[in-house]
Amino acid sequence: MKVAKRTFDAVIVGAGGAGLRAALQLSESGMKTAVLTKVFPTRSHTVAAQGGVAASLGNSTEDNWHWHMYDTVKGSDWLGDQDAIEFMCKKANEVVVELEHYGMPFDRTDDGKIYQRPFGGHSMNYGQAPVMRSCAAADRTGHAMLHALYQRNVRANTQFFVEWMALDLIRDADGDVLGVTAMEMETGEVSIFHAKATIFATGGAGRIYFSSTNAFINTGDGVGMAARAGVPLEDMEFWQFHPTGVAGAGVLITEGVRGEGGILRNSSGERFMERYAPNLKDLASRDVVSRAMTTEINEGRGCGPDKDHVLLDITHLAPENIMKRLPGIREISIQFAGIDPIKAPIPVVPTCHYQMGGIPTNYKGQVVVPQGDNNNVPVRGFYAAGECACASVHGANRLGTNSLLDLLVFGKSAGETVVEDFEAGNLSLKPLPDDAADVSLARLARLENQTNGESVHEVRLAMQRTMQKHAGVFRFNDLLKEGVEAIKAVAERAKNTEIGDKSKVWNTARMEALELDNLIEVAKATMISAEARKESRGAHVRDDALDNAETPNGRDDANWLKHTLWYSEGNRLAYKPVNLKPMSDDVEPIALAKRTY
Amino acid sequence: MSRVLSISIFRHNPRDPASVPHMETHELAEAPGMTLFIALNRLRETVAPDLSFDFVCRAGVCGSCAMVINGRPGLACRTLTAALPEHISLHPLPGFALIADLSVDTGTWMRELAESLETWVHLAAEPDIDLLEAPMEPKLAEEIYELDRCIECGCCIAACGTAQMRPGFVGAVGLNKIARFRLDPADSRDDADYFELVGNDQGIFGCMSLMGCEDLCPKELPLQTQLAWLRRGMARQGLRGIFKKKDNE
Ligand SMILES: Cc1cc2nc3c(=O)[nH]c(=O)nc-3n(C[C@H](O)[C@H](O)[C@H](O)COP(=O)(O)OP(=O)(O)OC[C@H]3O[C@@H](n4cnc5c(N)ncnc54)[C@H](O)[C@@H]3O)c2cc1C
Ligand code: SF4
Ligand code: SF4
Ligand code: FES
């Protein structure tokens, strides 16, 4: 197959919030930039974010970045790097106000400022009471944000390659990144995008689980590409299960509903969160609420004929308020649960939602890997931001609204770093190796020639069920052990997938087979990292980690206060220390403590 | 009582010389809570592996999945099969380039629209982020938000007689955007500028007010009111333009 070559200063893979924010930086500085995306930019998954974006503007209640930082570190169960967290919390106001100027239609307070609502795990004065920190455009914050960013990119004349799927990362003998190979979905042709800088902003891989709030296109492509190219993946055992997915449908009901006063109830109508989190109650951190719900269901206090869900009740709120602040949620409940939340509570279950781990980066958006005795050596020419990256600000558990913030802060920061490196002349167009496209071509040829193979749909389903059963909300030693073998077996099957449609043009079956390769990398990373981590921390909670004085909540800081690094080759694990030191002297390190809400 | 649905789907791949447009019918057992999104995925997983259609969010907010459902444009992810008769026919949205089967290219169309109408806030000066917020009346903010809800799904274009006859007509989606920026105090453009953009037959004067668009907008945007307002504003601006010219003569 002949492979066309295109040359740019920079190529960005992904046009969700993170990709668009980075692209803006590059386009406005005049760099010749290509943005590749599987779907038209405003269809990217960021569009579905509902609840809000965190910033300590203090418009509705007193607030400051110190409190935000404390909440984020505590939310991460101390696995987040404190330098990156400080950076993000300090930058929050700037990036949110910037968006306001770009035209993002935030809700307003009576005095015209950006409206803010309470959200899980965000507190005032170091955990004392809920704070109003989430800046919202009703319950369609992601939509408003993505469109504002896109409009600004049209203004900056950003060049998009829509419906182009990146296939593999190109690295040379020095390990430097020189771009990607990509397939134009319309024609099935493969091209090389040769660039001085490559930014990944491909979003999460929530589709490794059977039940997920994520869109079908969230297949962890960037993460999979990085892993296949020898970059380790960080902290992949940590997945957030959102407490309130619509039972059965998996569609998300934002935590903003609880921020506006919604209450979780079990079969006897009890507000059970009072027992699990006396201070923040329904607004405790997501992992805490998801586990409480799972415990209620496991102990027989679930609702419905199968006692398999709990109820989210907002019937006590004023209907005008529901219509004004949560119109999208009302729409979703009516549509997907057949219930008008003004009149009856919504059936909900914890549902896979967010990937805390990802491609390891520093706060500047540079991808960093261990080399010799330095754990964080930047890979030349390679940057990442958004859900596919691990900065690491979310650690073992992300707080709601911190992801949209992460996209803005690190999307911008990655963009700024590239522009700086570019302007300083630190980026060069290294010659392409002769075999630059070989890996991709071999993958395609394998699919083309496969006979008596496996169905993509069935292998994907087997993967999703394995993940759901063996690495869910609660994790068990024996199930994890079996899970490792099971997922390796599924990965073997994925090597022999066969597609029923072999036409060149608009072949969705081929794309799904290629996406499955990426999902499989993520699933292996998750299971193997989870099996190895013999403690409970944040979203990773296992039955054999005991809660006692040395290991509060089962968290074993003496042995496990460290980031996991999983290498695809040989399923090898390595570890690196957590950065417990903030970036500046403006703040003291946030000392380890037991996490209670 | 469960039904067996019979779903007729328009099939055609314009890039494949051998492809001839035709309808293909599949039977499918209806399940509780089934949306067209679920139904189409099930068909693709079982009997029609090469079927093309678009979905991303499955929650009515990304605007990818519009198609013509039993003759009416709508979002497939928001359409419950229970609300439809047993026989369902699905066609791609007219007015956009066909990609294949039920998939059309709304993206290129929307990007061209964005460029031609300059649908971004034209700031008088670049934001000074140290100045912090630019306060806005909550009521006005709500009005802008209301219009900003457009998901660029293209249903209003598919439903619009003018858009079908006149390529380049910006449609309700475009006019609604102008209405949105016109409301926004941060946008420094005035009616004379907007008149330049939509004071013509490709814009507001091409609209015949038949309101196919408003009936079918899945986000229930108040298109009728907005179009009427804009028409009045632009007519006024048009007159002003004529008088100005006369004065100068
Ligand atoms: C339902 C829902 C609600 C949420 N609500 C909130 C909230 O209220 N607040 C909050 O902070 N967070 C929220 N989150 C999380 C947050 O929305 C996501 O983490 C975030 O939007 C991810 O953005 P991103 O830019 O990293 O990726 P995405 O927005 O997922 O974008 C990924 C981009 O990469 C492209 N891409 C992927 N693979 C390839 C490839 N191989 N080739 C080319 N392009 C590719 C895609 O086309 C897309 O453009 C929510 C998440 C969900 C699922
Ligand atoms: S105005 Fe309504 S129908 Fe038209 S594109 Fe926007 S949301 Fe769709
Ligand atoms: S009112 Fe009629 S002509 Fe005008 S935009 Fe709507 S559908 Fe088209
Ligand atoms: S899939 Fe997003 S609107 Fe239907």
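**Overview of the overall build of chain A**
1) Next: Summing up its helical and strand segments, chain A has 16 helices and 22 strands in all.
2) Next: Expressed along its principal axes, the backbone C-alpha trace of chain A runs to roughly 65 × 55 × 50 Å.
3) Next: Relative to its 597 residues, chain A shows a buried fraction of 65%.
4) Next: In chain A, the share of contacts with a sequence separation of at least 24, taken over all contacts with a separation of at least 6, comes to 75%.

**Describing the site of ligand 3**
All names here are of chain B.
1) Next: In the vicinity of ligand 3 there are 15 residues, among which Cys160, Cys207, Leu210, Gly212 and Cys213 approach most closely.
2) Next: Of all the secondary-structure elements, those providing two or more residues to the shell around ligand 3 are α5 (161–165), α6 (171–183) and α8 (212–216).
3) Next: In terms of residue count, the dominant contributor to the shell around ligand 3 is α5 (three residues).

**Quick notes on the interface of chain A and chain B**
1) Next: Contact residues are listed per partner, giving 53 residues for chain A and 45 residues for chain B.
2) Next: In terms of residues, the side of chain A that touches chain B owes the most to one element, helix α4 (residues 141–155) of chain A, which gives seven residues.
3) Next: Partitioning the side of chain A that touches chain B into residue classes produces 24 nonpolar, 15 polar and 14 charged.

**Comments concerning the packing of helix α13 (residues 456–470) of chain A against helix α14 (residues 477–494) of chain A**
Residues and elements named next belong to chain A.
1) Next: In contact at an axis separation of 10 Å, α13 and α14 are set at 170° when each is read in the N-to-C sense. In this view, α13 runs roughly antiparallel relative to α14, as classed from their interaxial angle. Contacts from Val459, Ala462, Met463, Thr466, Lys469 and His470 of α13 reach α14 at Leu479, Leu480, Glu482, Gly483, Ala486, Ile487, Val490, Arg493 and Ala494.
2) Next: Looking at the contact of α13 with α14 residue by residue, the classes come out as nine nonpolar, three polar and three charged.

**Looking at the sheet that holds strand β4 (residues 116–124) of chain A**
In any sheet, the strands associate via hydrogen bonds between backbone groups, in a parallel or an antiparallel arrangement.
Residue and element names in this part refer to chain A.
1) Next: Pairing within the open sheet is antiparallel, and its three strands lie in the order β3-β5-β4. Every interior strand has two partners, whereas the edge strands, β3 (53–54) and β4, have only one.
2) Next: One ladder, built from five bridges, connects β4 with strand β5 (residues 129–135); its direction is antiparallel. Among the inter-strand pairings, Pro118 is bridged to a residue of β5, identified as Met132.

**Let's talk about the site of ligand 1**
Residue and element names in this part refer to chain A.
1) Next: Lining the immediate environment of ligand 1, one finds 47 residues, of which Gly14, Gly16, Gly51, Gly203 and Gly386 sit closest.
2) Next: Every element with two or more residues in the shell around ligand 1 is listed here: α1 (17–28), β2 (33–37), α4, β7 (164–171), β14 (346–355) and α11 (402–423).
3) Next: A per-element tally of the shell around ligand 1 places α11 first, with four residues.
4) Next: When the residues that make up the shell around ligand 1 are grouped by side-chain class, the tally is 18 nonpolar, 26 polar and three charged.

**Concerning the confidence of the model for chain B**
Parts of the model with low pLDDT should not have their predicted coordinates read in detail.
1) Next: In the predicted model, chain B carries a mean pLDDT of 90, and 95% of its residues have values of at least 70.
2) Next: Complex prediction metrics read pTM 0.94 and ipTM 0.93.

**Comments concerning the nonpolar core**
1) Next: In this structure, Ile199(A), Ile359(A) and Cys156(B) are the most contacted members of the largest nonpolar core, which totals 260 residues.
2) Next: Considering every element that reaches this core, the biggest residue donor is helix α15 (residues 508–532) of chain A, with 13 residues.
3) Next: Two domains each donate at least three residues to this core, and these are domain 1 (4–103) and domain 2 (118–243) of chain B.
4) Next: With near-sequence residues (within four places) excluded, Ile199(A) lies in contact with Ala10(A), Ile12(A), Ala22(A), Tyr383(A), Ala384(A), Ala385(A), Ala414(A) and Val418(A).

Rules used in this analysis
Residues numbered from 1 in each chain as written. Chains lettered and ligands numbered in written order. Predicted model: local features only at pLDDT ≥ 70, side-chain atom pairs only at ≥ 80, totals over all residues. Helix = DSSP H or I, 4+ residues; strand = E, 2+ residues; numbered from the N terminus. Buried ≥ 20, exposed ≤ 12 C-beta atoms within 10 Å, placed from the backbone. Contact = placed C-beta atoms within 7 Å. Near = placed C-beta within 6 Å. Nonpolar A, V, L, I, M, F, W, Y, C, P; charged D, E, K, R; others polar. Axes fitted to C-alpha atoms, helices over the stretch in contact; angles between N-to-C directions. Parallel < 35°, antiparallel > 145°, perpendicular 65-115°, else oblique. Pairing = 2+ DSSP bridges. pLDDT = per-residue confidence, 0-100. Core = buried A, V, L, I, M, F, W, Y, C linked by C-beta atoms within 7 Å. Domains from an automatic or database assignment.

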